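Commentary on secondary and tertiary structure
So you can see what is in the structure, the chains are spelled out below.
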Amino acid sequence: ADQPALLVPAILGGLFVCYFAVPFVAFVSRTGIDNVVAGLSTPAARVAVRNSLLTAPVATLVATVLGVPLAYVLARGSFRGKRVIELLIVLPLVVPPVVGGAMLLTAVGQFTPIGAAAADAGVPLTDSLLGVVLAQTFVAGPFVVITSRAGFASVDRRFEQASRSLGYGPLATVWNVSLPLARGAIIAGVVLTFARALGEFGATLMVAYNPRTMPTQIWVAFIGGGIDAILPLGVALLSVAVVVLGVIQ
Amino acid sequence: ADQPALLVPAILGGLFVCYFAVPFVAFVSRTGIDNVVAGLSTPAARVAVRNSLLTAPVATLVATVLGVPLAYVLARGSFRGKRVIELLIVLPLVVPPVVGGAMLLTAVGQFTPIGAAAADAGVPLTDSLLGVVLAQTFVAGPFVVITSRAGFASVDRRFEQASRSLGYGPLATVWNVSLPLARGAIIAGVVLTFARALGEFGATLMVAYNPRTMPTQIWVAFIGGGIDAILPLGVALLSVAVVVLGVIQ
Amino acid sequence: MMLDIDGLSHRYGTEQAVDDVSFGLADGEIVGLLGPSGCGKTTIVQAIAGHLRPTEGRIRLRGTDVTAKPPESRGVAVVFQQSTLFDHMTVAENIAYGLADDADPVADYLDLVSLTNQQAAYPAELSGGQQRRAELARALATDPDVLLLDEPLSALDRALRTEIRAEIDRIQRETGVTTLFVTHDQSDAMALADRLVVMQNGAVAGVGEPRTLYESPPTPFVADFLGRSTTLQATVAAQQPLTLSVADSRLVFDGRTAEFPTGTPVTCYLRPEALTLEPQPDTSSLPCEVVRVVDVGRHYDVTVALETGEELLVEQSTQSAVGTATRVSIPARTVSLFAPDETAPPE
Amino acid sequence: MMLDIDGLSHRYGTEQAVDDVSFGLADGEIVGLLGPSGCGKTTIVQAIAGHLRPTEGRIRLRGTDVTAKPPESRGVAVVFQQSTLFDHMTVAENIAYGLADDADPVADYLDLVSLTNQQAAYPAELSGGQQRRAELARALATDPDVLLLDEPLSALDRALRTEIRAEIDRIQRETGVTTLFVTHDQSDAMALADRLVVMQNGAVAGVGEPRTLYESPPTPFVADFLGRSTTLQATVAAQQPLTLSVADSRLVFDGRTAEFPTGTPVTCYLRPEALTLEPQPDTSSLPCEVVRVVDVGRHYDVTVALETGEELLVEQSTQSAVGTATRVSIPARTVSLFAPDETAPPE
């Protein structure tokens, strides 16, 4: 009954939708499947794809293994300093990625104690795949923490209390009850973290200009060859983003 | 009673917290107030600050004026194609910013019909402040839509029905009832959009390498002068991010 | 009629929520729309208020067809189960929001609901009862033709419920506003309404004055919904006076005639509080044995088994011993007979 | 005692939720813990189950102090108001989850609650009543020393409530498990419990058998909470037999003695269903006039005004006309006297 009532907001909103639809359509219509496949088989593109597919899953794994427990503690615990930790975890989301990269460099850059020690041991933390993982984890990690935390918070405590009263200790209860009941949110968080890690650009550029990932290779190829040079990698990343969206929704 | 029960997740989570805390502390401790003020008074930095403070509010304003009505329509309406629009709005969040920039270039780049016409008219859409606004709006706009939408959805429809039955039409009801009741979420969305616009880097780099904003100037200064050259602008952006966090939470 | 619902039907997708419902409200009348959750009550409220366009049927206010009119031009005020007071306005601002131009000032409505001292308070600062009263005042300030109360008591605890029920009763009588009171609670409905419309599965199951419906329910559903029932299988043995046979015993109901031919098997719906246990035989009692006694405070729920094994529930104000052999006496006035195929279980 | 609560107190911050509560449950007993929301019931449940460490006091199970033991090693099973069946497990898997090693197989528990045919179903596929029964079976499968039922009926509608109440009664009697039944509903508590513990503001307001508490409530709060009350101001005029003066009239209660000295003003708490309207004067009746009649279906709520202007509520099974002058008869057995300073309003 309210449909005509929404006319004015619908017009304004429609304009905004167009603003997102036009670049999408223009971009997709500019290229063909053949061009994409051909473009992705150049040596530079293949290295970039390989590097991205090596680093993003590792960053996602690290963020998940450490972030889901953190999310549980934040959802269930109450302790001094919780507020500070919550702000710290959200910070990378509002800090510009280039600043995030700069922050990482001040911590693990090659002239810092940590960075120097690592480089001496043969595992340089900058301009290396490990550096890419560090940048991706820093920027993308908060997603899995925040989403999983919301998932745990939406599981009524009484489910866990029931499990305890049925004879299971706290860790067994988390494993048998909390994780399965929050699985939807956790999976969404993992997928978001993966998408963000795969697309990470600003911080990666700062921490590891080389070796190239797909986003940094897009930038380098754009400087060298303009928009058409980057269509294949761009379409590939866009396709992953669309798939990710499908999984989350 | 459950505090000791959380020991194992607390240890894993604590590691993750450290990973976010160390770069933050290292970055902040590397610089002093005097250096920041001095660093921000160089001509290049001043231009970048001015450009950022011109573009980000405009992008936020455009996204708010168009995005809040869109959020309302998505929260209350049901129509064909709603699902597609929802996906389209979330897309810029999962698409890497460099790809977003490339998508914008295919739509409004200087060799596209739109871009060429605009350049002929004296308002170039790339490598201009307008280009920066376009990039920021594309990347940051979804935040205000998604957050406001959640805000509207949490306002029980019956409040609006009550207003209608009290004699107010649909637009008057939105203005008098829905907007005030959803204001918390809308403000959070606006602030998030502003933060994201201010820190936008990847898409801006593609669409408008010049004129420089704070993030692009950080990148250029980093290439030229290393980490210490970018501390002032970095600290300034970090400070804004911390303030934004305070407002949202 | 102030409000006329005529052949109202509504489908959500393929689901028939409301099926050909018709009833009316006379000027100044308070009618209870009563039924279990999911019976279509809310759909009817939404259609009357104008928030939903029914698939079929017409809604008329003062004789004018308003089916296609938007809510803001109907003159129908609504109070929902959950508060819809606007948090960002004071009590007085909430009331002023809907104030009709030619109506009494806000102060009169504050006075009507005894909230004069709370006029500058925000809704969050009010008690639950004050919120309900503020909401009533806001709805009345529009000077509506019809006031819709959609489960206004269901979110309240017992004490508050009684208080607000009395308040609604007083306000309705003082203002004389035509009121449709929608509820799933039979005691609220019976206490407040001049007439009841009982709904079942989207259709009207019974219309009438509360006491009439309670004592002579048109269907087993209405019998069950308006209060506790206990049932007895019997066969019509004779007419004038109505005589039923239950196994080897006979029940003679002086002054009643059966609506069914002799020989028909029937189900009798009885009210537990109308039954009594009296060892002295009379013509409308059956031999039985006490099999279970539950003390529920205000009375005892006594279950007795007849010779057929069938069990009846009897409310007694005194304790009985399990195993006692006695007789259950069934007053003629309180028996409702239904053919077996009419008796579906309540939802 | 199977379960002993000894001097239990708990504060949340500065708020005293539970204040020095002590009571016990004998082996096989079913005790009702009854009180309005916010009275501390939930805190006590959480403390007994081990999810909350009380500020003070001890909890003993079979004589062993378990106050510091984690929930998983207590032998206390809990059923909450909202279902806590695990969505990702079938009914049989839910029951097997808590099965004690030396206990009966899952099939026995499925059989106990008549869910054998639903064993492979997921909780979302069950009806509300089946979910409640599955939850009871899961709790019992741990072979608990004590079963805590925390408002197990409060989320159910009337018909289901009655069904599950009978089911709890049957299961408790069949298994003989010591049960603490926590509720805010006096009729559920009175119907199920052997004994009641009535709570008010974190403290115990009364303990005893349901009928005793109902007829001789220790405080006005208990009187109000266990059922409807109507009150009468009077003065003790003589002892043996207890005689009260109400304005110019006298009430003589044969066989009762007052707990208050002659001349003390007292508040009488009366049960509306125990009062009757009879025009014939007798020694325990007062002249009055009918001022309001509300038909609530199962009976009429008749309000009468005494000569003092005070109003009494009387439940009658027959209609009365407003304005009728009559007398209200007050049976001696059903009167509870309190000093005026004891009579705080119910929460």
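Just so you know, these numbers come straight off a predicted model, no measurement behind them.

1. Observations concerning the overall build of chain C
Across its full length, chain C holds eight helices and 20 strands. Along the three orthogonal principal directions, the C-alpha set of chain C runs to about 70 × 45 × 35 Å. Considering only contacts within chain C whose residues lie at least 6 apart along the sequence, 66% involve residues at least 24 apart. Summed over its atoms, the accessible surface of chain C is roughly 14000 Å², and 47% of this surface lies on carbon and sulfur atoms. Computed over 26 positive and 50 negative side-chain charges, the separation of the two mean positions in chain C equals 1 Å.

2. Here we look at the overall build of chain A
If you tally the helices and strands in chain A, you get twelve helices and zero strands. Listing each helix as α and each strand as β along chain A from the N terminus yields α-α-α-α-α-α-α-α-α-α-α-α. With the C-alpha coordinates aligned to their principal axes, the bounding extent of chain A is approximately 70 × 65 × 30 Å. The buried share among the 249 residues of chain A stands at 55%. Summed over its atoms, the accessible surface of chain A is roughly 9800 Å², and 70% of this surface lies on carbon and sulfur atoms. Distance from the positive charge centre (14 side chains) to the negative charge centre (9 side chains) of chain A: 10 Å.

3. Description of the side chain of C:E29
Residues and elements named next belong to chain C. Topologically, E29 is positioned in the loop between β2 (15-25) and β3 (30-34). A distance of 2.6 Å separates a polar atom in the side chain of E29 from a polar atom in the side chain of R195. Once residues within four sequence positions are removed from consideration, E29 is found in contact with G24, Q172, V177, T178, T179, D194 and R195.

4. Notes on helix α13 (residues 227-248) of chain B
Over its 22 residues, α13(B) runs 30 Å from end to end, which matches the ideal 32 Å to within 8%, given 1.5 Å per residue. For α13(B), the principal kink sits at B:L233 and spans about 35°.

5. So, the sheet that holds strand β6 (residues 76-79) of chain D
By definition, the strands of a sheet pair up through backbone hydrogen bonds, in either a parallel or an antiparallel sense. Residues and elements named next belong to chain D. Read from one edge to the other, the open sheet built from six strands follows the order β6-β7-β8-β3-β9-β10, with strand pairing classed as mixed. Here the strands that pair on one side only, and so sit at the sheet edges, are β6 and β10 (203-208). For this sheet, the mean inter-axis angle between neighbouring strands, taken without regard to orientation, is 20°. Looking at chain direction, strand β3 (residues 30-34) and strand β9 (residues 195-200) are connected through four bridges and run parallel. Bridge assignment links G32 to a residue of β9, and that residue is L196. Its contacts with the sheet put helix α1 (residues 41-49) on β3, β6, β7 (146-150), β8 (178-183) and β9, and the angle it makes with β7 is roughly 150°.

6. Structural notes on the interface of chain D and chain C
The partner chain C presents 20 residues to the 20 residues of chain D that form the contact. Between chain D and chain C, a total of about 1800 Å² is buried, with carbon and sulfur atoms accounting for 38% of that surface. A per-residue breakdown of the area chain D buries against chain C is headed by D:R158, D:R211 and D:R298, which together make up 34% of the total. One can count four salt bridges joining chain D with chain C. Where chain D touches chain C, the interface holds eight residue pairs in polar contact (both at pLDDT 80 or more). Breaking the side of chain D that touches chain C down by element, the ones donating at least two residues are α5 (158-175), α6 (186-192), α7 (210-215), α8 (220-226) and β16 (285-295) of chain D.

7. Section: the relation of the copies chain B and chain A
It takes a turn of 180° to lay chain B on chain A, together with a shift of 0.0 Å along the axis; the resulting RMSD is 0.0 Å. On this basis, the relationship between the two copies can be described by a two-fold rotation axis. Relative to the rotation axis, the closest C-alpha in chain B is found at B:G202, a distance of 3.2 Å. Taken together, the interface assignments show that 100% of the residues at the interface of chain B recur at the interface of chain A, consistent with an identical surface on both copies.

8. Remarks on the interface of chain B and chain A
At the junction of the two partners, chain B supplies 86 residues and chain A supplies 86 residues. For the pairing of chain B and chain A, the buried interface totals around 7300 Å² over both sides, and the portion due to carbon and sulfur atoms is 84%. The interface formed by chain B and chain A contains four residue pairs in polar contact (both at pLDDT 80 or more). Ranked by residues supplied to the side of chain B that touches chain A, first place goes to helix α1 (residues 7-29) of chain B with 16 residues.

9. A short note on unusual backbone geometry
Excluding glycine, residues mostly have negative phi values, and the peptide bonds linking residues are mostly trans. A:N210 connects to A:P211 through a cis peptide bond whose omega is -15°. With respect to the helices and strands, A:P211 occurs in the loop between α11 (202-207) and α12 (214-248). Positive phi, normally seen in glycine, also occurs at D:N201, with a value near 50°. Position of D:N201 among the secondary structure elements: in the loop between β9 and β10.

10. Some remarks on the relation of the copies chain D and chain C
Relative to chain C, chain D is turned by 180° and slid 0.1 Å along the rotation axis, the superposed coordinates differing by an RMSD of 0.1 Å. By residue overlap, the copies meet face to face through one surface: 95% of the interface positions of chain D are interface positions in chain C.

11. So, the environment of D:V302
Residue and element names in this part refer to chain D. Within the secondary structure layout, V302 lies in strand β17 (residues 300-306). For V302 and S320, which are 18 residues apart along the polypeptide, the C-alpha to C-alpha distance reads 7.5 Å. Not counting residues within four places of it along the chain, the set of residues in contact with V302 comprises L277, V290, R292, V293, L312, L313, V314, Q316 and S320.

12. So, the pattern of salt bridges
Under the criterion given, the structure shown has 50 salt bridges over all chains. Between D:R228 and D:E315 there is a salt bridge whose closest N-O contact spans 3.1 Å. Within this pair, whereas D:R228 is found in the loop between α8 and β11 (230-238), its partner D:E315 is found in strand β18 (residues 311-316), the two being separated by 87 residues in sequence. When salt bridges that share partners are traced, they join C:R161, C:R165, C:D185 and C:D188 into one network.

13. Quick notes on the environment of C:E93
Relative to the helices and strands, C:E93 resides in helix α2 (residues 91-97). Separated by 29 residues in the primary sequence, C:E93 and C:Y122 have C-alpha atoms spaced 9.3 Å apart.

14. A word on the packing of aromatic side chains
One pass over the full model with this rule turns up 26 aromatic pairs over all chains. Measuring from ring centre to ring centre gives 6.5 Å for A:F201 and A:W219, while their planes differ by 70°; the resulting arrangement is edge-to-face. Of this pair, A:F201 sits in the loop between α10 (183-199) and α11 while A:W219 sits in helix α12; the two residues are 18 residues apart in sequence, bridging distant segments of the chain. Under the relative-accessibility criterion, A:F201 is labelled buried at 2%. An angle of 20° between the planes, with centres 6.0 Å apart, marks the rings of A:W219 and B:Y209 as stacked. Highlighted residues: A:W219 in helix α12 and B:Y209 in the loop between α11 (202-207) and α12 (214-225), drawn from two different chains. Members of the aromatic cluster, joined through ring pairs, are A:F201, A:W219, A:F222, B:F201 and B:Y209. We note C:R138 situated over the ring of C:F86; from NZ or CZ to the ring centre the distance is 4.6 Å.

15. Quick word on the side chain of A:Q161
Within the secondary structure, A:Q161 sits in helix α8 (residues 157-165). Residues within four places of A:Q161 in sequence aside, it is in contact with D:Q46, D:H51 and D:F80.

16. Topic: the domain arrangement of chain C
Residue and element names in this part refer to chain C. Per the domain assignment, the segments of chain C are domain 1 (3-75 + 144-224) and domain 2 (228-342). Between domain 1 and domain 2, the C-alpha centre-to-centre distance is 34 Å. Contacts between the two partners involve nine residues from domain 1 and, on the opposite side, eight residues from domain 2. Summed over the shared surface of domain 1 and domain 2, the result is one salt bridge. Among the ionic pairs, E215 bridges to R333, the shortest N-O distance being 3.0 Å. Summed over the shared surface of domain 1 and domain 2, the result is six residue pairs in polar contact (both at pLDDT 80 or more). Only α7 (210-215) and α8 (220-226) provide two or more residues apiece to the side of domain 1 that touches domain 2. Of the residues forming the side of domain 1 that touches domain 2, the biggest block, three residues, is contributed by α8.

About the criteria used
- Counting of residues starts from 1 at the beginning of each chain's written sequence and follows it residue by residue.
- For this description, chains carry letters from A and ligands carry numbers from 1, given in the order in which they are written.
- Given that the model is predicted, a residue must reach a pLDDT of at least 70 before its local features are reported, and side-chain atom pairs must reach 80 or more before they are shown or counted; all residues, however, enter totals for whole chains, interfaces and linings.
- For the side-chain quantities, the full set of heavy atoms in the structure was used; hydrogens and water were omitted.
- Helix numbers and strand numbers start at the N terminus; a helix is a DSSP run of H or I with at least 4 residues, a strand a run of E with at least 2.
- By definition in these notes, contact holds between two residues if any of their heavy atoms fall within 4.5 Å.
- Shrake-Rupley sampling with a 1.4 Å probe provides the accessible areas, and residues are treated as covered by the protein chains on show and by no other component.
- His residues and chain termini do not enter the charge count, which takes Lys and Arg as positive and Asp and Glu as negative.
- In plain terms, the charge of a residue is placed at NZ if it is Lys, CZ if Arg, CG if Asp and CD if Glu.
- We call a residue buried when its accessible area falls under 20% of the maximum for its residue type, exposed when it is over 50%, and partly exposed in between, using a 1.4 Å probe and counting protein chains only.
- N or O atoms within 3.5 Å of each other form a polar contact, as long as, within protein, one can give a hydrogen and the other can take it, and as long as residues adjacent in sequence are counted only when both atoms are side-chain atoms.
- Given a helix with a known number of residues, its expected span is that number minus one, times 1.5 Å.
- A residue's bend is the angle separating two fitted axes: one through the seven residues that end there, the other through the seven that start there.
- Two strands qualify as a pair provided that DSSP identifies no fewer than 2 bridges between them.
- Between N-to-C directions, angles cover 0 to 180 degrees, with each direction set by a line fitted to C-alpha atoms, over the stretch in contact for helices.
- Here the quantity called buried area is the accessible surface, traced with a 1.4 Å probe, that two parts lose on coming together, added over both.
- For this analysis, a salt bridge means a side-chain nitrogen from Lys or Arg found within 4 Å of a carboxyl oxygen belonging to Asp or Glu.
- Overlaid copies result from least-squares superposition on C-alpha atoms, with residues included only where pLDDT is at least 70 in both.
- Ring pairs are drawn from Phe, Tyr and Trp, using the six-membered ring of Trp, whenever the two centres fall within 6.5 Å, and their geometry is named by plane angle: stacked under 30 degrees, edge-to-face over 60, tilted for the rest.
- Here, a charge over a ring is recorded when the distance from Lys NZ or Arg CZ to the ring centre is within 6 Å and its angle to the ring normal is within 35 degrees.
- How far each domain reaches was decided by an automatic or database domain assignment.

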